[in-house]
Amino acid sequence: MDIRSEVLEIISDTKEYLMLLRETGVEEIASSHRTEVRNKKQEVRQVAESGKQVTGQGADTPEQKAGRLDELRNRIGDCQRCKLWKGRKNIVFGTGNPGARLLFVGEGPGEEEDRQGKPFVGKAGELLTKMIGAMNLTRDDVYIANVIKCRPPQNRNPEEDEISACRPFLYEQIVIIDPQVICALGTFAAQTLLETRSRISELRGRVHEKRGYKIVPTFHPAYLLRNPQEKRRSWEDLQIVMQELGLKEKK
Ligand code: URA
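Residues numbered from 1 in each chain as written. Predicted model: local features only at pLDDT ≥ 70, side-chain atom pairs only at ≥ 80, totals over all residues. Heavy atoms only, no water.

(A) Fine view of the side chain of Arg-151. Considering the arrangement of structural elements, one finds Arg-151 in the loop between strand S3 (143-146) and helix H6 (160-177). In this structure, Arg-151 is buried with no salt-bridge partner, the nearest side chain bearing the opposite charge being Glu-111 at 4.5 Å. Within the structure, the side chain of Arg-151 is placed 2.8 Å from the side chain of Asn-155, a separation counted as a polar contact. Those residues in contact with Arg-151, other than ones at most four positions away along the chain, are Leu-84, Pro-109, Gly-110, Glu-111 and Asp-114. (Helix = DSSP H or I, 4+ residues; strand = E, 2+ residues; numbered from the N terminus. Buried < 20%, exposed > 50% of the residue type's maximum accessible area, 1.4 Å probe, protein only. Lys, Arg positive; Asp, Glu negative; His and termini not counted. Salt bridge = Lys/Arg side-chain N within 4 Å of Asp/Glu carboxyl O. Polar contact = N/O pair within 3.5 Å; in protein donor to acceptor, adjacent residues only side chain to side chain. Contact = heavy atoms within 4.5 Å.)

What follows is the structure in structure tokens.
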């Protein structure tokens, strides 16, 4: 990318981040966020003055990212921004390593996730854990979140207003974690992150770039449980993720 495009991208990232904060209820910028904005401005200056490219990755330590995720979780509070609060037991915010290079995004909590307040801890979660293991990683190496953070009744599909209410929080998680790759699990995650209506079967199998993030869509583990013949194609997708991260296959 040339320097001008890099500067424009940083300015646009900064604007987008400030708009996200506003959408999620931030009216004032606390000093930690001011530091973030200052860092972004400094990046712009550095790029402009030195002609060097700066990636913007890794500005925060994992501890700082953990603190910012905690702050976001507190801001979500006892959320009633959409109707799903009525039937939920727990908000399922996300778990894992705040400094992760790989972020998995699923659809929304099921019954077990709602009960435990953690993502992917039911049957689909068992398969996701195996998929992560096959990549030579553990759940502690990655971060796992969902598009919507409350369980829909009878595990029905998330509705448009529910996704719209929750999406800013997912985007903010992404900005904080700043992963090198996002693996979108299933239709809802892929369509939400890529802002498209295309089907997962059309989206999978390659790396997409959106808002400066690399996104690799694949089938949802629950779909793979029902359609085990698709596991091979899902493994191909995970190999694309591994390639992006420079990970080697298990011997
Ligand atoms: N399915 C999802 O999409 N997310 C979970 O957390 C569990 C099952």
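Back to the text.
(B) Summary view of helix H10 (residues 231-245). Between its first and last C-alpha, H10 extends 21 Å over 15 residues, near the 21 Å set by a 1.5 Å rise per residue. Turning to H10, its buried residues are Ser-234, Asp-237, Leu-238, Ile-240, Val-241, Met-242 and Leu-245. Phi turns positive, to about 70 degrees, at Gly-246, one or two residues after H10. (Expected span 1.5 Å × (residues − 1).)

(C) Local environment of the packing of aromatic side chains. By the definition in use, this model includes one aromatic pair. In this structure, Arg-211 is placed above the aromatic ring of Tyr-171, and the distance from its NZ or CZ to the ring centre is 4.3 Å. (Phe/Tyr/Trp six-rings, centres within 6.5 Å; stacked < 30°, edge-to-face > 60°. Lys NZ or Arg CZ within 6 Å of the ring centre and 35° of its normal.)

(D) Molecular detail of the nonpolar core. Among the nonpolar cores identified, the biggest contains 59 residues, and Leu-102, Phe-104 and Leu-193 are the most heavily contacted of them. Here this core takes nine residues from H6, the largest share from any one element. Sequence-distant contacts of Phe-104, that is, excluding residues within four places in its chain, are made with Leu-128, Ile-132, Met-135, Val-142, Tyr-143, Ile-144, Ala-145, Cys-183, Leu-185 and Leu-238. (Core = buried A, V, L, I, M, F, W, Y, C linked by side-chain atoms within 4.5 Å.)

(E) Expanded view of unusual backbone geometry. Even without glycine at this site, Asn-155 takes up a positive phi of about 55 degrees. Following the sequence through the fold, Asn-155 ends up in the loop between S3 and H6. A positive phi angle is found at Asp-178, which is not glycine, with a value near 50 degrees. Checked against the element boundaries, Asp-178 lands in the loop between H6 and strand S4 (181-185). By relative accessible area, which is 17% here, Asp-178 ends up buried.

(F) Molecular detail of the state of the cysteines. Applying the stated rule across the entire model yields zero disulfides. The thiol of Cys-150 is not disulfide-bonded; the next cysteine sulfur, from Cys-82, is found 6.2 Å away. (Disulfide = S-S within 2.5 Å.)

(G) Looking closely at the packing of H6 against helix H7 (residues 186-194). Interaxial distance between H6 and H7 falls to 11 Å at its minimum, and their mutual angle equals 75 degrees. Our classification of the angle between H6 and H7 gives roughly perpendicular. Touching Ile-163, Arg-167, Leu-170, Tyr-171 and Ile-174 of H6 are Phe-188, Thr-192 and Leu-193, all from H7. Of the residues in the contact of H6 with H7, the class split is six nonpolar, one polar and one charged. (Axes fitted to C-alpha atoms, helices over the stretch in contact; angles between N-to-C directions. Parallel < 35°, antiparallel > 145°, perpendicular 65-115°, else oblique. Nonpolar A, V, L, I, M, F, W, Y, C, P; charged D, E, K, R; others polar.)

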